[in-house]
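Observations on the model geometry
Here is what each chain is made of, one letter per residue.
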Amino acid sequence: MAALAESGEFRLDAMTKGACPVVDVMLYNAVLSREYRECRQWGARVMKVLLETEPDLVISTGAARGTVVNNGRPLTASESDFLKAAGHARYYRELNDAGIPVVHITDTPFMLDVGEVPQCVAINLENLEKCAVSEQSAVRSWQATGLIEKALPAGSVMVDMTDAFCSSGTCPSVIGGVIVYRDVAHMTTTYAKTLAPFLFQELLRAVPEAFVVAGEFAPAEPPPVTPPRAVVGADSTDASSS
């Protein structure tokens, strides 16, 4: 998104808080060992700013994993997934009702089975398959089952970038000679930059009207491209332009 903003045609305002997606539910914070009240308060403030400033587009993402607290009781994973999806939808519907389109980008895979990815890669350079995780384990259940997509209101769309991380049921740690994660879930800056044109294409496809200035695309619409295909143990991407 920063690369897109650097084109000079758009302004990007980033609003982030650690371990805190913009979702209208009370989450549990394991580090604090209590309800994450600050997160919900922050989300409400973000919504206030968005409704006041009326941006042309809101792009939302964040960790799909997390436990919802209800009346002081931490809920199960399935209960939490359902309520988080509904919590996203409530905020998105409020924005949509104000005429603001929303794109929800799916979360990155979670490589918990291999631990810190750079460390795994460093000790398994000759056998990177040891640093791969099954897609079933790595991708959050509410994405795999379509729960979040089903909950989205009519004025919101989902962009799923999972294919840029996983292929044939497996999510590797290295794609195109680039380490994908700097820990267990956050992308390295280098890999994020390689995804920029592919993400832009998906955004154009999802909400083309948000990228029109004076009747024309700005910047010009890029040619169709194929995102990097994750290949276990491979040292090059299967990316091409047509």
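Residues numbered from 1 in each chain as written. Predicted model: local features only at pLDDT ≥ 70, side-chain atom pairs only at ≥ 80, totals over all residues. Heavy atoms only, no water.

**Topic: the overall build of the chain**
- When you go through the chain residue by residue, the secondary structure sums to eight helices and 13 strands.
- Within the chain, buried positions represent 42% of all 242 residues.
- Long-range pairs, those at least 24 residues apart, make up 66% of the contacts in the chain between residues at least 6 apart in sequence.
- Looking at the chain as shown, the accessible area adds up to about 12,800 Å², and 52% of this sits on carbon and sulfur atoms. (Helix = DSSP H or I, 4+ residues; strand = E, 2+ residues; numbered from the N terminus. Buried < 20%, exposed > 50% of the residue type's maximum accessible area, 1.4 Å probe, protein only. Contact = heavy atoms within 4.5 Å. Areas by Shrake-Rupley, 256 points an atom, 1.4 Å probe, with all protein chains shown as cover.)

**Details of unusual backbone geometry**
- Positive phi outside glycine occurs at Ser 33, with the angle close to 60 degrees.
- Residue position: Ser 33 is located in the loop between strand 1 (28-29) and strand 2 (34-35).
- Non-glycine residue Asn 71 carries a positive phi angle of around 55 degrees.
- On the secondary structure map, Asn 71 appears in the loop between strand 4 (69-70) and strand 5 (73-74).

**Details of the environment of Gly 72**
- Secondary-structure assignment places Gly 72 in the loop between strand 4 and strand 5.
- Residue classification places Gly 72 among the exposed positions, given a relative accessible area of 56%.
- Distance in space between the C-alpha atoms of Gly 72 and Glu 35 is 7.8 Å, their sequence separation being 37 residues.

**Things to note about the side chain of Ser 173**
- Mapped onto the elements, Ser 173 comes out in the loop between strand 9 (170-171) and strand 10 (174-175).
- Excluding residues that lie within four positions of it along the chain, Ser 173 makes contacts with Met 111, Val 114, Val 117, Val 121, Cys 131, Val 178, Ile 179, Val 180 and Tyr 181.

**As for the pattern of salt bridges**
- If you walk through the whole model with that rule in mind, you get eight salt bridges.
- With a shortest N-O distance of 2.9 Å, Asp 13 and Arg 11 are connected by a salt bridge.
- Of the residues examined, Asp 13 reaches a relative accessible area of 45% and is grouped as partly exposed.
- Looking at Arg 11, the relative accessible area reads 74%, which means it is exposed.
- The network of salt bridges with shared partners includes Asp 24, Arg 40 and Arg 90. (Salt bridge = Lys/Arg side-chain N within 4 Å of Asp/Glu carboxyl O.)

**Thoughts on the pairing of strand 6 (residues 102-105)**
- Residues Val 102 and His 104 line one face of strand 6 and the alternating positions Val 103 and Ile 105 line the opposite face, and both faces are buried.
- Judged from the three bridges that link them, strand 3 (residues 58-60) and strand 6 form a sheet pairing that is parallel. By the bridge assignment, Val 58 is partnered in strand 6 with Val 102.
- By the bridge criterion, four bridges tie strand 6 to strand 8 (residues 156-159) in an arrangement that is parallel. Bridge pairing links Val 103 to Val 157 in strand 8. (Pairing = 2+ DSSP bridges.)

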